[in-house]
Structure formats: structure tokens, C-alpha cells
Amino acid sequence: MARLPRLWQDLRAHPAWLVFFVLGRCPMARRGVQGLIAIARRRQVAAPGPGEALAPWDSATVAAAVKAEGIATGLRLPPDMVTRIRAYAETNTCYGGRHWTTPFTIDGHAEAERQHGCKLLVGSLRDPMQNCPEVAELVRNRWLQDIAARYLGAEPRVIDVRLWWSFPSQAPSRTDLSLAAQDSFHFDLADWHQMKFFFYLTDVDERGGPHLYVRGSHAHRPFAHHFPLFSAKTDRQIIGAYGRKAVQMITGPAGTGFVEDPFGYHTGTLVTEGRRLVLEISFGITDVVRHVRPASG
Ligand SMILES: O=C(O)CCC(=O)C(=O)O
């Protein structure tokens, strides 16, 4: 429910989204559209350039792991890239609140919460691809793009790039958590087929707001989940459908990366100590909802 204003905004900006909004949540319809797009836009697989790989595996192996489980872990960013992106995020204004319009810097976070009288669980940096050269460089990384192309089965398009801080909070409401995608399992509804790369830019342990992913849920849905009105599910529903063992928690030092199909159930978790900085690069196959200008270069 908390996401309704954002859904309405997307719908007004992209009327074609209505069809997608209705059918995009249905696994069968998604598979049909994915097949048609793959046939219509046969792609050439670009060979990754030397030195671009961010894991000791080739792109086909990573894409195959995502196909099997919905997620592949073990990616790693070079330390100097981590340092530079974090420095950018530490020194620039981020935006939070219900409409992502409340500005603050990380040092002014507590004061901003007091001043605006609201919880700011997350603060998002604007246009990181345009404003932070290292982010733009990563988005252009051909090894990442090749994984996306192989997994998506069509020319991958960059549909969203986000860089945001997550902060600890005392007793946040369900609405706050849902808006911040914390402690609320959901699947993304942003394209007919989608793949997201995540990179932690700070150390993330169990108290640092680790990401959770339900392995296998990108491909297997109980029939009752085939036409859901809302994408969110409670922990009980998730565990009932997939079992506790399917829920994978991703922790790791700054630079840790992973890639997932966000049609599988996933969530961030509430930070209870420190603060988390995360970069997310999202590839899709259409322009049904696109949040970024095309990558230059
Ligand atoms: O913050 C996270 O780890 C999860 C983010 C998320 O759920 C999303 O981008 O859809």
C-alpha cells in the first residue's frame, strides 16, 4: 500500500505500463513475453574485455547460477573503486522520506530526522551514474553486461541505477520499512525480465542490514502467488512456501557483490548498527519503466 503513490507516478509517466502492471506479475505471461522479445531481438554476445571480470568465473557460469537459483554471490569490486564511490556518497546530499525529497548529508542524518519529524531509514544519492564516474564505469563494464545479456536472452538495457545509504532506526512502522524495502519480502515489477547487480560499499554483517534472497523463487511460485495483487509477502508466507533454508542472507566486507533476478522474493533488512551503503545496477529488456538516461559511452 505504501508504494501506491509511486505506482501511480509510474503509470502516469508510462501508460503502456498498465498492461505490464496487470500481467507482469504472472509468471506464465512473463515467460511468453520474454520468449517473444528474445526472438524479436536476437543479440550478439559481446566478449568481455580483459581485466573486467569481478569474480573468478566467466560470465556464462554466473548467468547459469542465476538461472538455477535466482542469485549468484562472490562478486567483488576493486578496493579503490569502493573507496571512491563511498567518498562520493559521504560528501554529497542524499534524499529520503515518503517522496524522496528530504535532503540531508550522512553527518546530518539525526538532525534531519528531528527537523522533519520523520524517520529516514534510507537516503538515496541522485543520478549516481551521471554524477559519479566510477558508477558510470561500472555500468559500462562489459563483463556485467555480458552476464545480463546471457541471463536475459536479449540486449540488456540499463533501467535503473541506485546508490543509497540505510540507517538504523528505532521501532520503524511497517510503512517506513516497506518504503525502504526492509524486512518486507517482495518481488520487483519493473520489467518483463530483469537482473540486478548489488555491491556493498560498506562492511555488512548480520546487524548491517544484509540483503535476503529466497533461492529458487524467481522460477517457482506456488499457484496462489501467480496473480498477486501486491508483490509483498510476510515472512510466514515465504517460509511456508519455500522453507527457511531457501532464504539466503548476503553479508560481506565492503566490495562484496552479488547478482539476482529480482522477480524472486527478496528484501533488505533493518540496519541495527552502523550504516550501509549499497549500489544497485538494474538491467531489463524493455523501456516499460526506465529510471535512468541511457548510459553514455
Ligand atoms: O536494500 C536491499 O538490500 C534490498 C533492496 C530491494 O529490495 C530492491 O531494490 O528491490
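Scroll up for the structure.
Just so it is clear, the model here is predicted, and its values are computed rather than measured.

This next bit is on helix 8 (residues 133-140). Taken residue by residue, helix 8 has Glu 134, Val 135, Ala 136, Leu 138 and Val 139 as its buried positions. Buried residues in helix 8 make contact with helix 5 (79-91), helix 7 (128-131), helix 9 (142-152), strand 5 (157-166), strand 6 (194-200) and strand 11 (276-284).

Time to look at the sheet that holds strand 7 (residues 211-214). Spatial strand order, 8-7-10: 3 strands in an open sheet with antiparallel pairing. Strand pairing shows two members of the sheet lacking a second neighbour, strand 8 (247-250) and strand 10 (266-267), which therefore form its edges. The pairing of strand 7 with strand 8 spans 4 bridges and is antiparallel. When the sheet's bridge partners are listed, Val 214 is paired in strand 8 with Val 247.

In the vicinity of the ligand, the contacting residues are Arg 162, Trp 164, Ala 181, His 186, Asp 188, Lys 196, His 211, His 266, Thr 267, Gly 268, Arg 276 and Glu 280. His 186 places a side-chain nitrogen or oxygen 3.1 Å from an oxygen atom of the ligand. Relative to its unbound accessible area of 290 Å², the ligand is 96% covered by the protein chains. Secondary-structure elements contributing two or more residues to the shell around the ligand are strand 5, strand 10 and strand 11.

With respect to topology, 8 strands assemble into an open sheet ordered 1-9-6-11-5-4-2-3, the strand pairing being antiparallel. The open sheet has two edge strands with one neighbour each: strand 1 (71-76) and strand 3 (102-104). Along the sheet, successive strands turn relative to each other by an average axial angle of 30°, direction set aside. Strand direction decides the pairing type here: strand 6 and strand 9 (residues 256-260), joined by 4 bridges, are antiparallel. Its bridge partner lying in strand 9, Phe 197 is registered against Val 259. Against the sheet, helix 5 contacts strand 4 (122-125), strand 5 and strand 11, and its axis sits at roughly 65° relative to strand 5.

Cut-off values and rules
- Residues numbered from 1 in each chain as written.
- Predicted model: local features only at pLDDT ≥ 70, side-chain atom pairs only at ≥ 80, totals over all residues.
- Heavy atoms only, no water.
- Buried < 20%, exposed > 50% of the residue type's maximum accessible area, 1.4 Å probe, protein only.
- Helix = DSSP H or I, 4+ residues; strand = E, 2+ residues; numbered from the N terminus.
- Contact = heavy atoms within 4.5 Å.
- Pairing = 2+ DSSP bridges.
- Near = heavy atom within 4 Å.
- Polar contact = N/O pair within 3.5 Å; in protein donor to acceptor, adjacent residues only side chain to side chain.
- Areas by Shrake-Rupley, 256 points an atom, 1.4 Å probe, with all protein chains shown as cover.
- Axes fitted to C-alpha atoms, helices over the stretch in contact; angles between N-to-C directions.

Just geometry here; none of it tells us what the structure is for.
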